[in-house]
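Letter by letter, the chains look like this.
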Amino acid sequence: SVQKNLEKFISKILKEKIKCVAAGRTDRGVHAYGQVAHFDCKQNITNTNKFLKSLNHFLYNGGVVINDIKKKNKNFHARYSAKYRIYTYILINRIARPILLKDRAWHIINKLDLKLMKKGSKKLLGTNDFSTFRSSKCNAKSPIKTMEYIKIFSLNGKILIEFKSESFLQHQVRSMVGCLKYLGEKKWTLKKFEKVFRSKKRVFCAPPAPPHGLYLK
């Protein structure tokens, strides 16, 4: 895992056992632009640039790089200090399969109705019970979450869906995207979409979108 590699190589460089804490745990195959993690160490890292270069040297082959490192006070916590989280999901909606974005976006052949998807997304805004989109393995204390916004827009041949909330349930974003896809393909009506959401039952949810189109931003 990403966490395992981080801990392994930081421990190797600092010659002490290191435990990393991330802002959020992502599913296998999900990407991240803005993942934040912290660790405590006994040593004083005097040259952060040198440390960063050494760490990235070991991490690179595993598909991970660290963009920046900062010294924080002990009150900072990567998970609990987060004010909100933003996820972006990328769709490629055309007949031709993507080459440059292979394993970086969800390819959908059927034409999607963006206006209908935007109407559906508005039903998800505010404070709601998101049990319909919750993984059976989710260990969150409550399914109640507040969705600050959902933006759906087309950019350079891609469809981007952006979600902002303080926190998310396991598989919540991918499940919402799966249901919005059904709505956009007109497999579901807007009434059916809302009924599935209000049911609070996972069994009625559309198949979740694949992880490779999701980005923690």
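So, how was this worked out
Residues numbered from 1 in each chain as written. Predicted model: local features only at pLDDT ≥ 70, side-chain atom pairs only at ≥ 80, totals over all residues. Heavy atoms only, no water. Helix = DSSP H or I, 4+ residues; strand = E, 2+ residues; numbered from the N terminus. Expected span 1.5 Å × (residues − 1). Buried < 20%, exposed > 50% of the residue type's maximum accessible area, 1.4 Å probe, protein only. Axes fitted to C-alpha atoms, helices over the stretch in contact; angles between N-to-C directions. Parallel < 35°, antiparallel > 145°, perpendicular 65-115°, else oblique. Left-handed = near helix turned anticlockwise from the far one by under 90°. Contact = heavy atoms within 4.5 Å. Nonpolar A, V, L, I, M, F, W, Y, C, P; charged D, E, K, R; others polar. Disulfide = S-S within 2.5 Å.

A. Here's a closer look at helix α4 (residues 172–184). Its 13 residues place the ends of α4 18 Å apart at the C-alpha level, agreeing with the 18 Å of an ideal helix rising 1.5 Å per residue. Counting buried residues in α4 gives 12 out of 13 residues, a clear majority hidden from the surface. For α4, the set of buried residues is Q172, V173, R174, S175, M176, V177, G178, C179, L180, K181, L183 and G184. Just downstream of α4, K186 is the residue with a positive phi angle, here 65°.

B. Spatial organisation of the packing of helix α1 (residues 2–14) against helix α2 (residues 48–59). As a packed pair, α1 and α2 sit with axes 10 Å apart at the nearest point and diverge in direction by 135°. Comparing their axes, α2 and α1 come out oblique. Considering only the axes of α1 and α2, their crossing is right-handed. Here α1 contributes N5, L6, F9, I10, K12, I13 and L14 to the contact with α2, which in turn contributes F51, S54, L55, F58 and L59. In terms of residue class, the contact of α1 with α2 is made up of 9 nonpolar, 2 polar and 1 charged.

C. Region of the structure containing unusual backbone geometry. The phi dihedral of H171 falls on the positive side, at around 70°, and the residue is not glycine. Within the secondary structure, H171 is located in the loop between β8 (158–165) and α4.

D. Broad picture of the state of the cysteines. According to the stated counting rule, one finds 0 disulfides in the structure shown. Unpaired in this structure, C41 has its nearest cysteine sulfur neighbour in C20, at a distance of 10 Å. The class for C41 is partly exposed, based on a relative accessible area of 28%. Cysteine C138 remains unbridged, with the sulfur of C205 as its closest cysteine sulfur at 13 Å. Of the residues examined, C138 reaches a relative accessible area of 13% and is grouped as buried.

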